[in-house]
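# Overview (structure and organization)
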Amino acid sequence: MFKTNVGGADRIIRIIVGLVLIALVFVGPKTPWGWLGLIPLATGIFRTCGLYSLLGISTCKAE
């Protein structure tokens, strides 16, 4: 459906950042802003980023 444009290290960082932000909803300041962590989590899991597509960026190895 979408072109893969999120590479290995970028993917791991996005998933970790997403999980940390979501954790803020349940622990720490318990702020609803933590739900924004769903964005980097989803882009890391599905390996595609809409902003990268618009800007023509890809962190994947050349195919």
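Placed above this text is the structure.
The sections below set out a description of the structure shown in this document. (Residues numbered from 1 in each chain as written. Predicted model: local features only at pLDDT ≥ 70, side-chain atom pairs only at ≥ 80, totals over all residues. Heavy atoms only, no water.)

## Description of the overall build of the protein
The criterion, for reference: Strands are runs of DSSP state E lasting at least 2 residues, helices are runs of H or I lasting at least 4, and numbering of each runs from the N terminus. Classification of residues uses two cut-offs on accessible area relative to the type maximum, computed with a 1.4 Å probe and protein chains only: under 20% is buried, over 50% is exposed, and between them is partly exposed. Residues are treated as being in contact if the distance between any of their heavy atoms lies within 4.5 Å. Note on areas: Shrake-Rupley with a 1.4 Å probe; residue coverage comes only from the protein chains shown.
Secondary structure assignment for the protein yields three helices and zero strands. Listing each helix as α and each strand as β along the protein from the N terminus yields α-α-α. The dimensions of the protein, computed from C-alpha atoms along their principal axes, are 40 × 20 × 20 Å. Per-residue burial for the protein yields a buried fraction of 30% across its 63 residues. The contacts of the protein with a sequence gap of at least 6 include a subset with a gap of at least 24, amounting to 64%. Of the roughly 4700 Å² of accessible surface on the protein, a fraction of 74% belongs to carbon and sulfur atoms.

Everything listed here is a matter of geometry and, on its own, says nothing about what the molecule does.
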